[in-house]
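# Architecture and fold: a report
These are the residues of each chain, in order.
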Amino acid sequence: MRGVRFVMSGQGVRPRLRIVGVVILAALIGLAALFGLLKPIKNGCTMTYMYPTYIPISVTDGSTPPGRYGLYLYHEGWRKIDFKEHISKLSGVPVLFIPGNAGSYKQVRSVAAESDRAYQGGPFERTFYQEASLFRGEGEETESVEYDLSSQYSNRLDWFAVDLEGEHSAMDGRILEEHTEYVVYAIHRILDQYKESHDTREREGAAASSNLPRNVILVGHSMGGFVARAAAVHPRLRKSAVQTILTLSSPHQSPPLALQPSLGHYFARVNQEWKKGYEVQRSPGGSYVSDPLLSGVVVVSIAGGYNDYQVRSKLESLDGIVPASHGFMISSTSMKNVWLSMEHQAILWCNQLVVQVSHTLLSLVDSKTDQPFSDTQKRLWILTRMLQSALAQSFNGVTPMKISNELPMLASKGSESQTSSCPLDWRDDALDRDLYIQTSTVTILAMDGRRRWLDIELLGSNGKNHFIFVTNLAPCSGVRLHLWPEKEKSNSNLPVCERVLEVTSKMVLIPAGPAPKQSEPGSQTEQAPPSAVLKLEPEDMHGFRFLTISVAPREAVSGRPPVAVSMAVGQFFNPKEGAMEVSSQSMLLSTYWPKEIFLKEDHPLAYNLSFAISLGLLPITLSLKTAGCGIKTFGLPDGETGDLDKDKLCKLRCFPPIVLAWDSASGLHVFPNLYSETIVIDSSPALWSSQSSEKTTVLLLVDPHCSYTASVHVSAPAMSSRFVLLYGPQIVGFSFAVMLYALMRQANQWDQNLSVPPLLSAVEYNLEMPSPFLVLAAIPLLSSLFFSFLMAQPIPPLTSFTMVSLICYLLANAFIIVLVVVSKFVLQALALVHTTVKTRFSFASLRWISILASSFVCLKAIRILKLNTTIVMTLVAVTLVTFVHPALGLFVLLASHALCCHNSLCCIMTASRRKESVDQKNEAERKTRSRQESLSVDLSEKSFVETQADIFNHRHGLLILHLLAALMFVPSLAAWFQRIGTGQSFPWFADSALCVGVIFHGILNSRPESSILRSFPSLLGHQLGPHHMYFLAGYCCFFSGLDLAPYKVFYAIAALGYISLTLKISQVNKSDLRFRTKSRIHRN
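The structure presented is a predicted model; accordingly, all values stated were derived computationally and were not measured.

### Considerations on the overall build of the chain
- When helices and strands are tallied, the chain shows 30 helices and 29 strands.
- Counting all 1084 residues of the chain, 52% fall into the buried class.
- When contacts within the chain are restricted to residue pairs at least 6 apart in sequence, those whose partners lie at least 24 apart make up 81%.
- Carbon and sulfur atoms form 57% of the exposed surface of the chain, whose accessible area is close to 50300 Å².

Right, here's the structure in full:
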């Protein structure tokens, strides 16, 4: 086995340490990420229940639907119905549900069942429409839209669903295209079915609605959302057949698994059609022709937030695809009445979300036509108002809750409509019930019907000129706030009461956690979490002397226990006192030593925690433990203390802490009732051309009456799992770059008349500092930043972008090292078994096998194939790639590489054993021979072993490179096997063409001495060798990884293949190639 160990003979201690260190780093991150991904997620969703019935929609005569898919109509109810009769009564608003990757049409049941309940129960209560947002985004104005909301929805929703056979549309571009074609057919079939049902009712004399639906609302989950957008721009779709699209956890920017080139091309083509669809149609001369083709289409993308591991929020964004005037993206964490992050599948059944979606879609129906509004801006206004909350993206720009007569109000059931103005009348003659606050902090523990006066000039001194107020009382009906001028300093002749400014409308509603329950009737409960917050700047209070907080009285009801304690806390504060910054060093060290922060009593109510590293990179675990609240347990009678401890007593006095984190990717993240929670956001500032900030600011609302011990700890599992999920595509692209750099190293050594280094040595060499590592990793990063600057693109934060990219590069090296070691071990094991069997068994025992093999080889056809093995293998591989599946053709190429590596190892092992056998038999004779003769024999044997080693090392590198390329098509191959026997189509031309180029690269450069890339003509007097081309290809793969588009690596490898083919064709008539290669390989 001495001949097998040559590959590591040149390795020293330091190279081994580099390899071991990189592998250990990757193992730690991988194990931590696996632990984080397997950890159960608490999403807080409520399960949705239903009684589903699925009615198949038959194919009409003369129509041939594409594919083998199906269309179903959903019916909610436990009673058995007649399908034909039910279909003939269709008169609602058609909504088509499109499942995602490996999804089922039955996933429509949750949202369809809740839509039926919402239609029967009617719209939300009046308070919801008071709290809903009128703003599409920060700083944007909303046009006034006339909209009257009645006490009952105008028409029901008819939910249809397409059965796509559970195919993996996220893995293959051809499947995605076929799904799009069938959805177009389903849309036309649904509209035709309504006309057929209308005609049937007319023939039977039944009452028939005169307004037939002209379009279908599309609701898509995961890849189904992209299919919905692709159907909207399909050339065969009827005009205006789709005007409203709602997507749930759907990727729009690029596919989640961007491995297959055709999948990336299809995404790019559809997105390009959408960009053109919102442009005004003009003639070649520039004159106006028509409005944009998609001017009537509105799109809303609902993201699952940070708990959605399968589709990241960045991919769900509509930026650059749909203008803000026709759509928006919103995260479930910032949706009104939802406020939850959920997993990829949970978004389909999460009751809080599907209820909100159901009411939203029902609100789109016009009472005059019983169909969705045709006005695009009205539909967008309704979607905005029903989904977005009044909270802005940062606390400094909080958008207040609007309480005005312009909002449609809905009275509670059984009551008359009420106006939106506050019904309470605070009179000036009730001063005997007023309280005058002398401290900067005011606390309200009951609805006592009193008004509290705060002197702004007195309490707002010493820099405490900001005011913040949190409460769980209902704004306006439960609590009101007013600003009062000083009567003596006013020049107005109006009474004081008419110069009062009410600021209740500036209050912002925040999601509150569940209210505490009483352990027994009449017992005291924990403080309820706040549900609204108000912040007043010095500019807001300028010109006023007093601030009053008026609390409505609560009438006692005899025989009933009191409700949970009402709460409100206000405070004049200095923002600088509540500003705390956590440095990057503290965050990194908190992985092992948590950072402790003590908040003593009478601390600021609002803390702005600024983290130097984005929580999208380093999620933290924020823990708050009550340290004290001024309650002395020993002062209570023994019978009253019971088993109460300090923590329980403090919860009776102080409201639960709340954390609000704003994220540029998905909006607001709210963590109510926070005592220990992992805080994470969706922003990823380390991505190329990312607009996210490198820092994250978190608003912490804590009761100033209690002291807390806050602990900040970076969660290693959460950090690792998020890192792998976010930057996995980047690691894949870098892996190809690492392999091309290794091939560059091998080619460079060969051109310098040296032996081809082992693949592991070539990979390790690229990690050496400073020269190879900086040239291969740092320079591409700087080049990408310079390119972003030239193209006027957003430049990511330099520190995080550089560090994350370098870590991804190290992980890619570790992955390649593991792949090299494992593959070499398998090849050596097979070669060892082969040579052992061949030498241990006698020739007589295998004679009959030898005779049979000889007779088989003597066949003329077999001899022709044996003499033209390369040509036959090329034809087989290209045929499979072109007509069957690209992965199968790449597997043939891998088999050729593996067979060559196996033969080389077998030759090395056989030569080593033969040499050992000769040494044992002629030991005595060799002692008497001359030194010169012995040396010549050794040189001869060494030349043969070295030649086979060069072949093995070179072919091993090609094997790993093309293995990575084949693995990119494995998901598509799995989807292809699922469709066997169901009428598959040919692969996409782009996939086939690129894989054919990969095959040519492997075949025409299969031996180090005959690599066709060495015959590349000189450029500007410089000879370009294979190592130059591998270097440029490696840079291309590096940029593909930074762009999170690993499928683009096929462009670089296929370019090498087609360049090799071009050079081979141009040198067909050159006869010196074979002679030159022979002399080159037997140089010794």
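Resuming the write-up.
### So, the pattern of salt bridges
- On inspection of all chains with the given rule, the structure shows 19 salt bridges.
- Across the pair Glu85 and Lys89 runs a salt bridge, and its minimum N-O distance is 3.2 Å.
- Given a relative accessible area of 43%, Glu85 falls into the partly exposed group.
- Taking the shortest distance from any N to any O, the salt bridge between Glu502 and Arg480 comes out at 3.1 Å. Of this pair, Glu502 sits in strand S16 (residues 501–502) while Arg480 sits in strand S15 (residues 479–484), and the two are 22 residues apart along the sequence.
- Assessed through its relative accessible area of 10%, Arg480 is described here as buried.
- Where salt bridges share partners, they join Arg18, Glu764 and Glu768 into one cluster.

### Some details on the environment of Ser992
- Among the secondary structure elements, Ser992 is positioned in helix H27 (residues 989–1004).
- Considering only alpha carbons, one finds Ser992 and Thr882, 110 residues apart in sequence, at a separation of 5.3 Å.
- Contacts of Ser992, omitting those with residues within four sequence positions, involve Val881, Thr882 and Pro987.
- For Ser992, the side chain forms a polar contact with the main-chain oxygen of Val881, separated by 3.1 Å.

### Description of the confidence of the model for the chain
- Per-residue pLDDT for the chain has a mean of 80; in total, 79% of the residues score no lower than 70.
- A low-confidence stretch, residues 1–10 (pLDDT under 50), is modelled with 18 contacts involving residues beyond four sequence positions or located in other chains.
- In this model residues 556–564 is a low-confidence stretch, pLDDT under 50, and it forms nine contacts with partners more than four residues away in sequence or in other chains.

### Thoughts on the packing of helix H3 (residues 109–121) against helix H10 (residues 351–363)
- Remark: H3 packs on H10, axes separated minimally by 8 Å, with the N-to-C direction vectors making an angle of 55°. Judged by the inter-axis angle, H3 sits oblique to H10. The interaxial crossing formed by H3 with H10 has right-handed handedness. Between H3 and H10, the contacting residues are Ser110, Val111, Glu114, Ser115, Ala118 and Tyr119 on the first element and Asn351, Val354, Val355, Val357, Ser358, His359 and Leu362 on the second.
- Grouping the constituent residues of the contact of H3 with H10 by class yields seven nonpolar, five polar and one charged.

### Thoughts on the packing of aromatic side chains
- In total, this model carries 29 aromatic pairs according to the counting rule given.
- Measuring from centroid to centroid gives 5.7 Å for Tyr54 and Tyr74, while their planes differ by 70°, and the two rings are edge-to-face. Of this pair, Tyr54 sits in strand S1 (residues 52–56) while Tyr74 is found in strand S2 (residues 70–76), placing the two residues 20 residues apart along the sequence.
- Exposure remark for Tyr74: the relative accessible area of 8% places this residue in the buried category.
- Each ring, one from Tyr741 and one from Tyr1035, has its centre 6.5 Å from the other, and the planes form 75°; the classification is edge-to-face. One end of the pair, Tyr741, is in helix H16 (residues 716–751); the other, Tyr1035, is in helix H28 (residues 1026–1042), with 294 residues separating them in the sequence.

### Concerning helix H18 (residues 771–790)
- Between its first and last C-alpha, H18 extends 27 Å over 20 residues, near the 28 Å set by a 1.5 Å rise per residue.
- Bending of H18 peaks at approximately 30° at the position of Ala778, with proline Pro780 no more than four residues after it.
- Within H18, the full set of buried residues consists of Pro772, Phe773, Leu776, Ala777, Pro780, Leu781, Ser784, Leu785 and Ser788.
- In this structure, the buried side of H18 is in contact with H16, helix H17 (759–765), helix H19 (798–840) and H28.
- Two residues or fewer after H18 comes Ala792, characterised by a positive phi angle close to 60°.

### A few points about unusual backbone geometry
- Residues Met769 and Pro770 are joined by a peptide bond in cis, for which omega reads 0°.
- Along the chain, Pro770 turns up in the loop between H17 and H18.
- Even without a glycine there, the phi angle at Ser222 is positive, about 60°.
- Secondary-structure assignment places Ser222 in the loop between strand S5 (217–221) and helix H6 (223–232).

### Considerations on the side chain of Glu76
- You can see Glu76 is positioned in strand S2.
- A relative accessible area of 15% means that Glu76 is categorised as buried.
- There is a polar contact of 2.9 Å between the side chain of Glu76 and the backbone nitrogen of Tyr51.
- A polar contact of 2.5 Å, which involves the side chain of Glu76, links it to the side chain of Tyr74.
- The contacts of Glu76, once residues within four sequence positions are left out, are Met50, Tyr51, Pro52, Ala113, Asp116 and Arg117.

Thresholds applied
Residues numbered from 1 in each chain as written. Predicted model: local features only at pLDDT ≥ 70, side-chain atom pairs only at ≥ 80, totals over all residues. Heavy atoms only, no water. Helix = DSSP H or I, 4+ residues; strand = E, 2+ residues; numbered from the N terminus. Buried < 20%, exposed > 50% of the residue type's maximum accessible area, 1.4 Å probe, protein only. Contact = heavy atoms within 4.5 Å. Areas by Shrake-Rupley, 256 points an atom, 1.4 Å probe, with all protein chains shown as cover. Salt bridge = Lys/Arg side-chain N within 4 Å of Asp/Glu carboxyl O. Polar contact = N/O pair within 3.5 Å; in protein donor to acceptor, adjacent residues only side chain to side chain. pLDDT = per-residue confidence, 0-100. Axes fitted to C-alpha atoms, helices over the stretch in contact; angles between N-to-C directions. Parallel < 35°, antiparallel > 145°, perpendicular 65-115°, else oblique. Left-handed = near helix turned anticlockwise from the far one by under 90°. Nonpolar A, V, L, I, M, F, W, Y, C, P; charged D, E, K, R; others polar. Phe/Tyr/Trp six-rings, centres within 6.5 Å; stacked < 30°, edge-to-face > 60°. Expected span 1.5 Å × (residues − 1). Bend = angle between axes of the 7 residues up to and from the residue.

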